[in-house]
Amino acid sequence: MTINRIRSFLYRYPRFNVDCRMDFIREDSIVLGTCFDLSQSGLRGTFVQTVAPGAKGIVTLYLGERRLEVQATVSSIRDDETRMRFQFDSEKERVALRDILNDLAPPVRK
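Throughout what follows, the structure given in this document is the object of discussion. (Residues numbered from 1 in each chain as written. Predicted model: local features only at pLDDT ≥ 70, side-chain atom pairs only at ≥ 80, totals over all residues. Heavy atoms only, no water.)

Observations regarding a nonpolar patch on the surface
Okay, step 1: A surface patch of nonpolar side chains, about 380 Å² in accessible area, is lined by Ile25, Ile30, Leu32 and Val48.
Okay, step 2: Counting through the fold element by element, Val48 comes out in the loop between strand E3 (42–47) and strand E4 (56–63). (Patch = residues over 30% accessible without salt bridge, like charges linked within 9 Å, V, L, I, M, F, W, Y side chains within 5 Å. Areas by Shrake-Rupley, 256 points an atom, 1.4 Å probe, with all protein chains shown as cover. Salt bridge = Lys/Arg side-chain N within 4 Å of Asp/Glu carboxyl O. Helix = DSSP H or I, 4+ residues; strand = E, 2+ residues; numbered from the N terminus.)

Put into structure tokens, the structure is as follows:
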């Protein structure tokens, strides 16, 4: 008897390399950092202080003249690299991030 296993495929949003300042605002503090990897679902970066996994707050990204604020949760920390997952409050926030990512994407050749 042969059993075919079905493997689920989890789609991962494209990641874009960036180098921008960011801060993470929690209830009682602001932690400064640098974002180096950005996607529709979250980011990777470093902070000047350790932020514990599970911490929630508002992350602000400063991309040139643009600024994006979105709710985020620290999902994990590896060495000095912090991974955060976005929690969007509105479609407006999703669209704002999507616009930034579209600007970061390389032009499509025809």
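Regarding the pattern of salt bridges
Okay, step 1: Applying the stated criterion to the full structure yields eight salt bridges.
Okay, step 2: Between Glu81 and Arg44 there is a salt bridge, and its shortest N-O distance comes to 3.3 Å. You can see Glu81 sitting in strand E6 (residues 81–87) and its partner Arg44 sitting in strand E3, a full 37 residues away along the chain. Both residues of the pair, Glu81 and Arg44, belong to the buried class. (Buried < 20%, exposed > 50% of the residue type's maximum accessible area, 1.4 Å probe, protein only.)

Some thoughts on the pairing of strand E5 (residues 66–78)
Okay, step 1: Bridge count for E4 against E5 is eight bridges, and the pairing is antiparallel. Bridge pairing in E5 places Lys56 opposite Thr73.
Okay, step 2: Linking E4 back to E5 in an antiparallel pair, the connection comprises two residues, with Gly64 at a positive phi of about 65°.
Okay, step 3: In the sheet, E5 pairs with E6 via seven bridges, with the strands oriented antiparallel. Considered in E6, the bridge of Ile77 is made with Thr82. (Pairing = 2+ DSSP bridges.)

Quick word on the packing of aromatic side chains
Okay, step 1: As enumerated under the stated definition, the model contains two aromatic pairs in all.
Okay, step 2: Over the ring of Tyr62 we find Arg21; its NZ or CZ atom is 4.4 Å from the centre of that ring. (Phe/Tyr/Trp six-rings, centres within 6.5 Å; stacked < 30°, edge-to-face > 60°. Lys NZ or Arg CZ within 6 Å of the ring centre and 35° of its normal.)

Regarding the state of the cysteines
Okay, step 1: What the rule picks out here adds up to zero disulfides.
Okay, step 2: The closest cysteine sulfur to the non-disulfide-bonded Cys35 is located on Cys20, 4.4 Å from its own sulfur.
Okay, step 3: By relative accessible area, Cys35 is classed as buried at 0%. (Disulfide = S-S within 2.5 Å.)

Considerations on helix H1 (residues 91–104)
Okay, step 1: The end-to-end C-alpha distance of H1, which contains 14 residues, comes to 20 Å, matching closely the 20 Å that a straight helix rising 1.5 Å per residue would cover.
Okay, step 2: Of the residues making up H1, those classed as buried are Glu93, Leu97, Ile100 and Leu101. Viewed end-on, H1 has its buried residues packed into an arc of 100°, placing them on one side of the element. Along H1, the residues that are exposed and aim more than 90 degrees away from the buried face are Lys92, Asn102 and Asp103. (Expected span 1.5 Å × (residues − 1). Arc of directions from axis to C-beta.)

Quick word on the sheet that holds E5
Okay, step 1: The strand order around the closed barrel built from six strands is E1-E2-E3-E6-E5-E4, with neighbouring strands paired in antiparallel fashion. Put simply, the sheet's adjacent strands are angled 45° from each other on average, direction ignored.
Okay, step 2: Across the sheet, H1 lies against strand E1 (16–25), strand E2 (30–38), E4, E5 and E6, angled at about 90° from E5, the strand it touches most. (Axes fitted to C-alpha atoms, helices over the stretch in contact; angles between N-to-C directions. Contact = heavy atoms within 4.5 Å.)

Observations concerning the side chain of Thr82
Okay, step 1: Mapped onto the fold, Thr82 is located in strand E6.
Okay, step 2: We classify Thr82 as buried; its relative accessible area is 5%.
Okay, step 3: In contact with Thr82, not counting residues within four places along its chain, are Leu43, Arg44, Gly45, Phe47, Val74, Ser76 and Ile77.

Read these as layout, nothing more, since geometry by itself doesn't imply function.
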